[in-house]
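Remarks on the overall topology
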Amino acid sequence: MRVRGSNENPLDWPRIRHLMKLGIFAALMVLVGDMLLGWGVHDASQSGMERFLSMYLRLPDSTIFWSAFLGLIGIPLEALCYFSVYRLIKPYSERYAHLYRSGILGILAFGGCGVHVPCLACVFFYKYMTAAKPDTALDASVRFGLYFLLPGMILFFIFWIVHHIAHIGAFAKGMTPYPKWCWIFCPAVGMALTMLCKFLPETALRNAVTAAWISIGNLWMFISLLLMSRKAEENEKKGAENA
C-alpha cells in the first residue's frame, strides 16, 4: 500500500466528476434498454423456463434491437467511467488500483459483446424457434445459450467479482478520500436493493425494474459517489495538510 503524501499531486476532481456524470448518462442509456426488454408479464399458465421466457415472445423485433444496441454502446461506456473510481484508489493503493483496473478491463471486454448482445440473441432465437417449432424451441434455445452466452457470462462475472473485491476492499480500508462506510456505494448493493422488488406482486413495471438491476446498481454508485465528492475532496485536503 502507498499512502499519498502532501508533496504529491492532488486528485483531479473535475475529471473524476466528469467521468461520474458520463457514467450516469451511460447507466441511464442501459437502463432504458433493459427496461424495454423487461417490460411485460409472464404467462402464469406455464412453468419453469417456459414461464420465464414467455414474456419475451410478445416483444417486437425493434424492442429487441434497441435493447441490444443501447447495451452494446452503454455498457462499455459505463466500464470506461469506472476509471473515476480507479483514480480515487490509485494514489492510496497501487495493489487495489491494479485489481480494480483488471476488473474494469474484463467488464469492458465481455459486458457488451460477450453477455448483453448474446443474451438478446437468445431472446430473438427463442421467439422465432417457438413460432417455427414450438416442441423443440426451449431445448434448442437452451443449447444456443450454453454455446454462445454462457462462456462470456462466466468470464464477465469473474472480472465483475474482482472489480467488486477491489472496490469494497479499497473503500472499507480507507484507501480513498471517502469515508470508509462509502463502500456501500458499489453496484452490488444497488443491485441487491433493486432485486427486493421481486417480493412485490408481478407487474410489467416490476419486471422492467428488476431487468435493469445492473444499470440501477451503476446509477447507485455513480450518483452516490458524485454527491459525496465534495466531502471527499475536503477530506483529501485535510489529509494533505496533516501529512
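The structure reproduced in this document is the subject of the present report. (Residues numbered from 1 in each chain as written. Predicted model: local features only at pLDDT ≥ 70, side-chain atom pairs only at ≥ 80, totals over all residues. Heavy atoms only, no water.)

Topic: the environment of Arg-17
Tracing the backbone through its elements, the reader meets Arg-17 in helix H1 (residues 13–38). With a relative accessible area of 8%, Arg-17 lands in the buried category. Sequence separation of Arg-17 and Arg-230 is 213 residues, and the distance between their C-alpha atoms is 9.8 Å. Those residues in contact with Arg-17 that sit more than four places away from it in its chain are Leu-226, Ser-229, Arg-230 and Glu-233. Here Glu-233 takes part through its side chain, which lies 2.6 Å from a polar atom of the side chain of Arg-17. (Helix = DSSP H or I, 4+ residues; strand = E, 2+ residues; numbered from the N terminus. Buried < 20%, exposed > 50% of the residue type's maximum accessible area, 1.4 Å probe, protein only. Contact = heavy atoms within 4.5 Å. Polar contact = N/O pair within 3.5 Å; in protein donor to acceptor, adjacent residues only side chain to side chain.)

Looking at the packing of helix H5 (residues 94–132) against helix H7 (residues 150–172)
Orientation of H5 relative to H7, taken along the N-to-C sense of each, is 150°, at an axis distance of 8 Å. Classified by the interaxial angle, the pair formed by H5 and H7 is roughly antiparallel. When the axes of H5 and H7 are compared, the crossing they make is left-handed. Looking at the contact of H5 with H7 residue by residue, the classes come out as 16 nonpolar, nine polar and no charged. (Axes fitted to C-alpha atoms, helices over the stretch in contact; angles between N-to-C directions. Parallel < 35°, antiparallel > 145°, perpendicular 65-115°, else oblique. Left-handed = near helix turned anticlockwise from the far one by under 90°. Nonpolar A, V, L, I, M, F, W, Y, C, P; charged D, E, K, R; others polar.)

Some thoughts on the side chain of His-164
For His-164, the location among the structural elements is in helix H7. Look past the residues within four positions of His-164 in its chain and what remains in contact with it is Gly-169, Cys-186, Pro-187 and Ala-188.

Describing the pattern of salt bridges
Inspection of every chain in the model, using the stated rule, returns seven salt bridges. Between Glu-94 and Lys-90 there is a salt bridge, with the nearest N and O atoms lying 3.6 Å from each other. The exposure class assigned to Glu-94 is partly exposed, which follows from its relative accessible area of 38%. By relative accessible area, which is 32% here, Lys-90 ends up partly exposed. With its nearest N and O atoms 3.3 Å apart, the salt bridge here joins Asp-139 to Arg-143. Taken as a pair, Asp-139 and Arg-143 lie in helix H6 (residues 137–148) at a separation of four residues, close to a single helical turn. A residue is classified by how much of its surface remains accessible, and Asp-139, at 48% relative accessible area, is partly exposed. In this structure Arg-143 comes out as partly exposed when scored by relative accessible area, which is 40%. Beyond isolated ion pairs, a larger network of salt bridges with shared partners links Arg-17, Arg-230, Glu-233 and Lys-237. (Salt bridge = Lys/Arg side-chain N within 4 Å of Asp/Glu carboxyl O.)

The quantities given are spatial measurements derived from coordinates; they are silent on function.
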